[in-house]
Amino acid sequence: MRRVVGVLALIAVGLVVGLPVAAATFVDTQRAVTIGAHNAMASPTFDGHVTIVAGPLLPELRMPSDALLGIGAEVVLRDSPDTDLERVLAQDAAIASQPEGEIAAMTSEITEMATAALQRGAAAAVIAIVLALAVWWAVGARRRRELREQWPPAPRTALVAGLMGIVLLGALMAYVPDPSTQRATAWVPIRQEFPELPDNPRLAQVQISRGAATATSRAIVQGALDTYNASTAFYENLTEKTVGIGVRPPDEGQTTALVVTDRHDNVGMDPVAREVGRSADISFVLDLGDDTSNGASWETFSINSLRETFADVPIVAVAGNHDTGDHILDAMRRNDFIVLDGEPIEVEGVRILGESDPRSSGLTAGYNGNEGDNIAAIREQDELLARTACEDGDVTLLATHSGASADETVAAGCVDLAISGHLHYQVGPTSTEGPNGTTTKLTIGSTGGAVYAFALGTKLRREAQVAVLTFEDGRAVGLQVVAFKPGARIEIGDYTPLPVATPPAVE
């Protein structure tokens, strides 16, 4: 019995020390994050809401976090690469029309903060237990017996309880916020301030601060909400039209994959592409790059959205020439994308080879660096991929951002299908017979409907495309392209068996 009491006492010591340390660490944590078109600083709270603080000129927004223990967050927006306030708000509104990826990313950040706080609390608890055991051992059995005889049970229990109470009270005083420092904010439903907003469950939970900021900046906020309404209406309508779309599903023994490319931040097309994937019963997604406009840190929302939209299937990806720098590749890896690196891999029974584009470019300035260097980089990649594919002998699919990186592989006939993006319009499919076999080459158009390197907005700027690939026994055996027109029309291309039949020569 005495041993049981001793163990319980040690557990109590660990809890009394560890829990306050974990809680204090958690509420004092701040983390730099990207939300929409902004860099931001996120801090955990226990008010049960995620609150967006946009500065003195704009109202605050909040929505329930639906997390355990009332855990929430305060997100303070900071700088944005764009200095035009109205344009930034329009970008935020377009992103907010498809918020699932950002919500998932914020949830992940808060979870990581909570995990780190729990680890620190656990370390503090272990240290406290070790110290308690050390004191217990140092005092010795005889002295402990003498102390028990000098202190009757009732006062001894009261002393222990009192000491624990003092520790708990001190911990509470350390991390419970002072009410006098808290901001008094009046919250109202956002549709009360802006009744023209659509009546949907997502907005029903959003509240807006009521005060001078709301009144003085109403015109700016109204512009952002107009963008939100237009974007939501267009892409929800297009998504509804795509539900049950008549693409060819796989036959028994076949698998399918959905190809997206050149999304250029247009997350509005993600649920549209998802419906095509559902109808085709896809086993994985192939992302051919240029998910962003210039690879900035704030553009990771595009990767977050794609991962959340296709959370139930693997995503195989390469970065494009506009995914400049490390931000997008890092975001892909954090979101468990399978990033191709020039070595063959097998995904869902399909052997795939690919590599990210070696070039980098800005938003409108064309390619960075010397054009000759860029051409040389593509040629080198083309040679290395062809050598790898031909030496491997079992690669069926070559995935590159630019079709120029697949020329030698196609000429050698070392894969069944070479697929790419980059051009923003469709080229092919065409089949070429080489010394090692026949390869079909296809370039599909921008899934985001991008003009130049920009696609984010309230509707499609030009035709958007996705493709469905069909595999059997690990080999590419067919493909089908689906096109979406700016007027929300959908064109389903014919299913094309591979290799593509060569048209008869014209005499």
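Residues numbered from 1 in each chain as written. Predicted model: local features only at pLDDT ≥ 70, side-chain atom pairs only at ≥ 80, totals over all residues. Heavy atoms only, no water.

Q: Explain the sheet that holds strand E14 (residues 397-400) to me, please; I cannot follow it from the model alone.
A: Strands in a sheet are paired, the pairing made by backbone hydrogen bonds, and the direction either parallel or antiparallel. Across the sheet, which stays open at both edges, the 6 strands sit in the order E12-E13-E14-E15-E17-E16 with mixed pairing between neighbours. In this open sheet, the two strands that pair with only one neighbour each are strand E12 (345-347) and strand E16 (427-434). For this sheet the average axis-to-axis angle between neighbouring strands, irrespective of direction, equals 25 degrees. Bridge analysis of strand E15 (residues 417-420) against strand E17 (residues 437-443) gives 4 bridges, and the strand direction is parallel. Bridged to leucine 417 within E17 is threonine 440. (Pairing = 2+ DSSP bridges. Helix = DSSP H or I, 4+ residues; strand = E, 2+ residues; numbered from the N terminus. Axes fitted to C-alpha atoms, helices over the stretch in contact; angles between N-to-C directions.)

Q: Help me understand the nonpolar core in this model?
A: In a soluble, globular protein the nonpolar side chains are often hidden away together inside. In this structure, Leu258, Val276, Phe310 and Phe484 are the most contacted members of the largest nonpolar core, which totals 34 residues. Those elements giving two or more residues to this core turn out to be helix H9 (218-242), strand E8 (254-260), helix H10 (270-280), helix H11 (300-309), strand E10 (315-317), helix H12 (327-334), strand E18 (464-472) and strand E19 (475-484). Other than its neighbours up to four places away in sequence, leucine 258 contacts Ala273, Val276, Gly277, Ile282, Phe284, Val285, Leu286, Phe310, Val466, Ala467 and Val468. (Core = buried A, V, L, I, M, F, W, Y, C linked by side-chain atoms within 4.5 Å. Buried < 20%, exposed > 50% of the residue type's maximum accessible area, 1.4 Å probe, protein only. Contact = heavy atoms within 4.5 Å.)

Q: What is the right way to read the environment of arginine 462 from this model?
A: By secondary structure assignment, the location of arginine 462 is in the loop between E17 and E18. Judged by relative accessible area, arginine 462 falls into the partly exposed class, the value being 33%. Taking the C-alpha atoms as reference points, arginine 462 and valine 451, 11 residues apart in sequence, are found 6.9 Å from one another. With near-sequence residues (within four places) excluded, arginine 462 lies in contact with His424, Gly449, Ala450, Val451, Phe484 and Pro486.

Q: Explanation requested: unusual backbone geometry in the structure shown.
A: Glycine aside, negative phi is the norm for most residues, and most peptide bonds take the trans geometry. Of note, the amide linkage connecting glycine 428 to proline 429 takes the cis form, showing an omega dihedral of 10 degrees. Along the polypeptide, proline 429 turns up in strand E16. Cis rather than trans, the peptide bond between leucine 498 and proline 499 has omega equal to -5 degrees. In this structure, aspartate 290 is a non-glycine residue whose phi angle is positive, near 55 degrees. With respect to the element layout, aspartate 290 can be found in the loop between strand E9 (284-287) and H11. Even without glycine at this site, aspartate 336 takes up a positive phi of about 65 degrees.

Q: It is not clear to me how the packing of aromatic side chains should be interpreted in this structure. Could you clarify?
A: Geometrically, a pair of aromatic rings is defined through the distance of the ring centres and the angle of the planes. Within this structure, the stated rule accounts for 2 aromatic pairs. Between the aromatic rings of phenylalanine 234 and tyrosine 235, the centroid separation amounts to 5.0 Å while the plane-to-plane angle is 85 degrees, which identifies the pairing as edge-to-face. On the basis of relative accessibility, which here comes to 13%, the residue phenylalanine 234 falls in the buried class. In this arrangement the basic side chain of arginine 248 is found over the ring face of tyrosine 495, its NZ or CZ atom lying 4.2 Å from the centre. (Phe/Tyr/Trp six-rings, centres within 6.5 Å; stacked < 30°, edge-to-face > 60°. Lys NZ or Arg CZ within 6 Å of the ring centre and 35° of its normal.)

Q: Honestly, the pattern of salt bridges in this entry has me stumped. Any pointers?
A: When charged atoms on two side chains of opposite charge get close, those side chains can pair. Summed over the entire model, instances satisfying the criterion amount to 13 salt bridges. Here arginine 263 makes a salt bridge to aspartate 270, at a shortest N to O gap of 2.9 Å. When sorted by exposure, arginine 263 lands in the same class as aspartate 270, which is buried. One salt bridge in this structure joins glutamate 491 and arginine 489, with 3.4 Å as the shortest N-O distance. On the basis of relative accessible area, glutamate 491 is assigned to the partly exposed category, the value being 36%. Here the salt bridges do not stand alone but share partners, grouping Glu463, Lys485, Arg489 and Glu491 into one network. (Salt bridge = Lys/Arg side-chain N within 4 Å of Asp/Glu carboxyl O.)

Q: How do you make sense of a nonpolar patch on the surface when you look at a structure like this?
A: Side chains of Val7, Leu8, Ile11, Leu15 and Leu19 sit close together on the surface and give an oily, nonpolar patch of about 470 Å² of accessible area. Note that valine 7 resides in helix H1 (residues 2-27). (Patch = residues over 30% accessible without salt bridge, like charges linked within 9 Å, V, L, I, M, F, W, Y side chains within 5 Å. Areas by Shrake-Rupley, 256 points an atom, 1.4 Å probe, with all protein chains shown as cover.)

Q: Even after reading the chapter, I still don't get H10, so can you show me in this structure?
A: Given 3.6 residues per helical turn, the α-helix brings residues three or four places apart onto the same face. The element H10 is largely enclosed, with a buried count of 9 among its 11 residues. Looking at H10, one finds that the buried residues are Asp270, Pro271, Val272, Ala273, Glu275, Val276, Gly277, Ser279 and Ala280.

Q: Could you clarify how one ought to interpret the confidence of the model for the chain in this entry?
A: As a general rule, the predicted coordinates of low-pLDDT regions are not to be interpreted in detail. Of all residues in the chain, 77% attain a pLDDT of 70 or more, and the chain-wide mean is 81. Element-level mean pLDDT values for the chain span from 56 in helix H8 (residues 212-216) up to 98 in E9. Here residues 362-367 is a poorly scored stretch, pLDDT under 50, and it has 14 contacts once near neighbours within four places are set aside; other chains count. (pLDDT = per-residue confidence, 0-100.)

Q: What's the story with the packing of H10 against H11 in this structure? I'm lost.
A: Packed helices, taken two at a time, are described by their axes: the angle between them and the distance between them. The interhelical angle for the contact between H10 and H11, taken along N-to-C directions, is 30 degrees, at an axis separation of 10 Å. With respect to each other, H10 and H11 are oriented roughly parallel. As for the relative orientation of H10 and H11, their crossing is right-handed in sense. Each of Asp270, Pro271 and Arg274 in H10 lies in contact with H11, whose residues at this interface are Ser305, Leu306 and Thr309. When the residues that make up the contact of H10 with H11 are grouped by side-chain class, the tally is 2 nonpolar, 2 polar and 2 charged. (Parallel < 35°, antiparallel > 145°, perpendicular 65-115°, else oblique. Left-handed = near helix turned anticlockwise from the far one by under 90°. Nonpolar A, V, L, I, M, F, W, Y, C, P; charged D, E, K, R; others polar.)

Q: Could you clarify how one ought to interpret the state of the cysteines in this entry?
A: Counted by the stated rule, this structure contains 1 disulfide. In this model, cysteine 390 is linked to cysteine 414 through a disulfide, with the two sulfur atoms separated by 1.9 Å. Looking along the S-S bond of the cysteine 390-cysteine 414 disulfide, the torsion reads about 95 degrees, which is the right-handed sense. Taken together, the positions of cysteine 390 in helix H13 (residues 371-392) and cysteine 414 in the loop between helix H14 (407-412) and E15 put the pair 24 residues apart, joining distant regions of the chain. Cysteine 414 sits in the buried class, given a relative accessible area of 9%. (Disulfide = S-S within 2.5 Å.)

Q: Just checking my understanding: could you explain the pairing of E19 for this structure?
A: As a general feature of sheets, a regular strand has side chains that alternate between the two faces. With respect to burial, E19 is a largely interior element, 8 of its 10 residues being buried. Across 9 bridges, E18 lies against E19 in antiparallel orientation. Residue threonine 470 lies in a different strand from E19, and its bridge partner there is glycine 478. Taken together, E18 and the strand that follows it, E19, pair antiparallel across an intervening segment of 2 residues, in which aspartate 473 is found at a positive phi of about 55 degrees. The loop that links E19 with its antiparallel partner strand E20 (residues 490-492) comprises 5 residues; one of these, alanine 488, has a positive phi angle of about 70 degrees.

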